[in-house]
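Structural overview for review
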Amino acid sequence: RSSAIQLAGSTPVGRVRHAHPADIGRALDLGCEGVIVPNVDSAAQAREVAGAVRYPPAGYRSAGGVLAAAEPFCLVMVESAEAVTDLPATLDIDGVDGVYVGPRDLSFALGCELDPGDPVLGPALAQIWAACATAGKPVGVHATEAAIARRYREGGCTLLTTVADAAAITRD
């Protein structure tokens, strides 16, 4: 529950299933203060996602959630070649507060190894880090190995997911 997360001194954030207004609204209505939205491949799609997070006049979200944050934040996921190419335009959109990289899905989309040293993935990640730095917006990434998480942090990532929920729940 979001109230338990807040009482523990953390911010409830939900990674929604789809870049769909119903999924985004549900997470926010249940008390998440922000969302991470997967499969956002273009600035046009990011504009729609940002609109689903914000109330009118900035967006088109319904005011139905009693647990909803007044001004939730929105991170869009970069998981495709198209998303990397359109990232500068995506970052210019009001309401896109930052990005989150799914390196496994990005490596699948680019047809390369899941290794930040890969000659295809490495430059793509560097391009993402640089675009976010230029835009002054935070970038996050999933990294379950300490050395890779450190490398991403040194590259400018400020939000690092270092454990998956299933692993954390089943850990002794």
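Calculation rules
Residues numbered from 1 in each chain as written. Predicted model: local features only at pLDDT ≥ 70, side-chain atom pairs only at ≥ 80, totals over all residues. Heavy atoms only, no water. Helix = DSSP H or I, 4+ residues; strand = E, 2+ residues; numbered from the N terminus. Buried < 20%, exposed > 50% of the residue type's maximum accessible area, 1.4 Å probe, protein only. Contact = heavy atoms within 4.5 Å. Areas by Shrake-Rupley, 256 points an atom, 1.4 Å probe, with all protein chains shown as cover. Pairing = 2+ DSSP bridges. Axes fitted to C-alpha atoms, helices over the stretch in contact; angles between N-to-C directions. Arc of directions from axis to C-beta. Phe/Tyr/Trp six-rings, centres within 6.5 Å; stacked < 30°, edge-to-face > 60°.

**Some points on the overall build of the protein**
Assigned secondary structure in the protein consists of nine helices and six strands. Within the span of the protein, comprising 172 residues, buried residues form 41% of the whole. Look at the contacts in the protein between residues 6 or more apart in sequence, and 48% of them connect residues 24 or more apart. With an accessible surface of roughly 9200 Å², the protein has 54% of that area assigned to carbon and sulfur atoms.

**Overview of the sheet that holds strand β6 (residues 159–161)**
Judged by pairing direction, the sheet is parallel, and its six strands sit side by side in the order β1-β2-β3-β4-β5-β6 without closing on themselves. Sheet topology places β1 (13–15) and β6 at the edges, where each strand pairs with a single neighbour. Each neighbouring strand pair of the sheet contributes to a mean axis angle of 20°, computed without reference to strand direction. The pairing of β1 with strand β2 (residues 34–37) spans three bridges and is classified as parallel. Bridging from a neighbouring strand, G14 pairs with V35 of β2.

**Concerning the pairing of strand β4 (residues 98–101)**
Residue alternation in β4 divides its side chains into two sets, G98 and Y100 and V99 and V101, and both sets are buried. Of the pairings in the sheet, the one linking strand β3 (residues 73–78) to β4 comprises four bridges and is parallel in character. Bridge pairing links M77 to Y100 in β4. For β4 and strand β5 (residues 139–142), the ladder comprises three bridges, and the chain directions are parallel. Following the sheet pairing, V101 is matched in β5 by V141.

**A few points about the environment of E71**
Residue placement: E71 occurs in the loop between α3 (43–53) and β3. Spatially, the C-alpha atom of E71 lies 8.6 Å from that of G34, the residues being 37 residues apart in sequence.

**Thoughts on the environment of F73**
Inspection of the secondary structure puts F73 in strand β3. Taking relative accessible area as the criterion, F73 reaches 27% and is therefore assigned partly exposed. Considering only alpha carbons, one finds F73 and D97, 24 residues apart in sequence, at a separation of 6.2 Å. Discounting residues that sit within four places of it in the chain, F73 has contacts with T11, V13, E33, G34, V35, V53, R54 and D97.

**Some points on helix α6 (residues 103–110)**
Taken residue by residue, α6 has P103, L106 and S107 as its buried positions. Each buried residue of α6 sits inside an arc of 100° when the element is viewed along its axis, so together they form one side. Its buried side turned inward, α6 meets β3, α4 (81–85), β4, α7 (121–135), β5 and α8 (146–154). Positive backbone phi, approximately 70°, marks G111, located one or two places after α6.

**Some remarks on the packing of aromatic side chains**
All chains considered together, the criterion is met by one aromatic pair. Ring centres of W129 and Y152 lie 5.7 Å apart, and the angle between their planes is 75°; on these two criteria the pair is classed as edge-to-face. Taken together, the positions of W129 in helix α7 and Y152 in helix α8 put the pair 23 residues apart, joining distant regions of the chain. Overall, Y152 belongs to the buried group, its relative accessible area being 4%.

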